[in-house]
Amino acid sequence: MAVIGCGDISALHFDAISELTGAELVAVCDVHPERLATAAAEHGVPGFATHAELFDTVRPDAIHICTPHHLHASIAIDALERGIHVVMEKPLAHSRAEGDLIVAAAEQGYAKIAVCFQNRYNAPVQAAAALLASGELGAVSGASATVMWYRAAEYYLDRPWRGRWATGGGGLLMNQAIHTLDLVQWLVGEVGEVRGNASTRTLGDTIEVEDTAEMVLEHLNGARSVFYATLANAVNAPVTIDIVTEKATLSLRGSLTVSHADGRVEVVEERAVAAGARSYWGVSHQLLIEDFYARLEEPEPFWISPVEAQRSLNIIQDVYDQTYPERALDSTPIDNSDNTEEDKRKATTI
């Protein structure tokens, strides 16, 4: 395998690869010279400034894409067309159109691709999904979900791509709340209609994308969900998802609490997290990556495929279309003409 993009999230991919039986890291890639040199030295592999050079020189069996959103499509499509398997960070792409291109490339069947919605592997989420699928709780009426987090201006100044339409494809919804939105649509059911709004409440002097959003989701099975997310909270509060069914209420707040109509209460705790600097991100990245490679010989696509990842991307794009009807996505690179070389590197580094 090779890892493309050596920023913060890549640490989880490096760790997961190191735990895989029969796997070997053969290269790293990053546009930031210092970051690339550090990763190459730390892992004892060659480093490349472009994915094309990496593909031509090393010819990996698989790559892990940990880059800013606007680079997802070009790298993933190039890899799939060469028969290289792909593990890619969310979102599927930075626009609906580029998401469609990845779906089309994956459907050619030259290689497999997984999109990292790793929270589906959390033990409480898995338990909730099994209960809902069993039918024993009756029909689902709907859900409510919140993401009440805090981000300072420095978070965006350190990585300017995060706050721009051209490189991030959006803000809060694309970068933070998409994981919770994915869980809602996966657990409750596919969404048929979205009514929502996005806004910038506190970071307007720093970013051009949203830091707050709300929406109502009408599911194809008749359920209705409400969703609220913001980066204007005082702290990073626990994510909440409450799902109401005929016979119980399921509450996800780290653990899962199932309150049955007959008075019974069940609790499913999350797995113990691994040690280390990124332990607070849990172990589900590793579980997803292990599962992907374990299923490579199966004929069907990996279960968290581009088609599956497209569902949350389309919901977000629907909210953007309703909020910013006159916005035409600027596909040109960030204008860094007056910036230092360090600023330019930050703009394309995750």
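Refer to the preceding data block for the structure.
Residues numbered from 1 in each chain as written. Predicted model: local features only at pLDDT ≥ 70, side-chain atom pairs only at ≥ 80, totals over all residues. Heavy atoms only, no water.

Quick word on the environment of Glu 214
Note that Glu 214 resides in strand S9 (residues 212-219). Distance from Glu 214 to Phe 227, taken between C-alpha atoms, is 5.5 Å for residues 13 residues apart in sequence. Setting aside anything within four residues of it in sequence, one finds Glu 214 in contact with Arg 195, Gly 196, Asn 197, Phe 227 and Tyr 228. (Helix = DSSP H or I, 4+ residues; strand = E, 2+ residues; numbered from the N terminus. Contact = heavy atoms within 4.5 Å.)

Quick word on the packing of helix H4 (residues 72-81) against helix H5 (residues 96-106)
Packed helices, taken two at a time, are described by their axes: the angle between them and the distance between them. Packing of H4 against H5 brings their axes to within 9 Å, and their N-to-C directions diverge by 10°. Classified by the angle between their axes, H4 and H5 sit roughly parallel to one another. Each of His 72, Ala 73, Ile 77 and Leu 80 in H4 lies in contact with H5, whose residues at this interface are Glu 98, Leu 101, Ile 102, Ala 105 and Ala 106. (Axes fitted to C-alpha atoms, helices over the stretch in contact; angles between N-to-C directions. Parallel < 35°, antiparallel > 145°, perpendicular 65-115°, else oblique.)

Section: helix H2 (residues 33-43)
Where H2 is concerned, the buried positions are Arg 35, Leu 36, Ala 39 and Ala 40. The buried side chains of H2 occupy one side of the element, clustering within an arc of 125° when seen end-on. Opposite its buried face, H2 presents the exposed residues Ala 41 and Glu 42, each directed more than 90 degrees away. At the C-terminal side of H2, Gly 44 shows a positive phi close to 65°. (Buried < 20%, exposed > 50% of the residue type's maximum accessible area, 1.4 Å probe, protein only. Arc of directions from axis to C-beta.)

Remarks on helix H6 (residues 123-134)
Its 12 residues give H6 an end-to-end C-alpha distance of 17 Å, which sits within 8% of 16 Å, the value for a rise of 1.5 Å per residue. Along H6, the residues that are buried comprise Ala 123, Pro 124, Val 125, Ala 128, Ala 129, Leu 131 and Leu 132. Packing partners of the buried residues in H6 comprise strand S7 (140-148), helix H9 (172-188), strand S11 (240-245), strand S12 (248-253), strand S13 (255-260) and strand S14 (265-268). Positive backbone phi, approximately 85°, marks Gly 135, located one or two places after H6. (Expected span 1.5 Å × (residues − 1).)

What about the nonpolar core?
Judged by nonpolar contacts, the single largest core of 102 residues is most densely connected at Ile 63 and Phe 227. Per-element accounting of this core gives the leading share, 10 residues, to H9. Setting aside anything within four residues of it in sequence, one finds Ile 63 in contact with Ala 2, Ile 4, Phe 55, Ile 75, Ala 79, Ile 84, His 85, Val 86 and Val 87. (Core = buried A, V, L, I, M, F, W, Y, C linked by side-chain atoms within 4.5 Å.)

Some words on the packing of aromatic side chains
One pass over the full model with this rule turns up 8 aromatic pairs. Centre to centre, the rings of Tyr 155 and Tyr 156 are 4.9 Å apart; their planes meet at 90°, and the pair counts as edge-to-face. Between the aromatic rings of Trp 165 and Tyr 324, the centroid separation amounts to 5.1 Å while the plane-to-plane angle is 75°, which identifies the pairing as edge-to-face. Placement of Trp 165 in helix H8 (residues 165-168) and of Tyr 324 in the loop between helix H11 (306-323) and helix H12 (341-347) is noted, with a sequence separation of 159 residues between them. (Phe/Tyr/Trp six-rings, centres within 6.5 Å; stacked < 30°, edge-to-face > 60°.)

Looking at unusual backbone geometry
A cis geometry characterises the amide bond from Lys 90 onward to Pro 91, with omega recorded as -10°. For Arg 59, which is not glycine, the phi torsion reads 55° and is therefore positive. Relative to the helices and strands, Arg 59 is located in the loop between helix H3 (51-58) and strand S4 (62-65). Residue classification places Arg 59 among the exposed residues on the basis of a relative accessible area of 63%.

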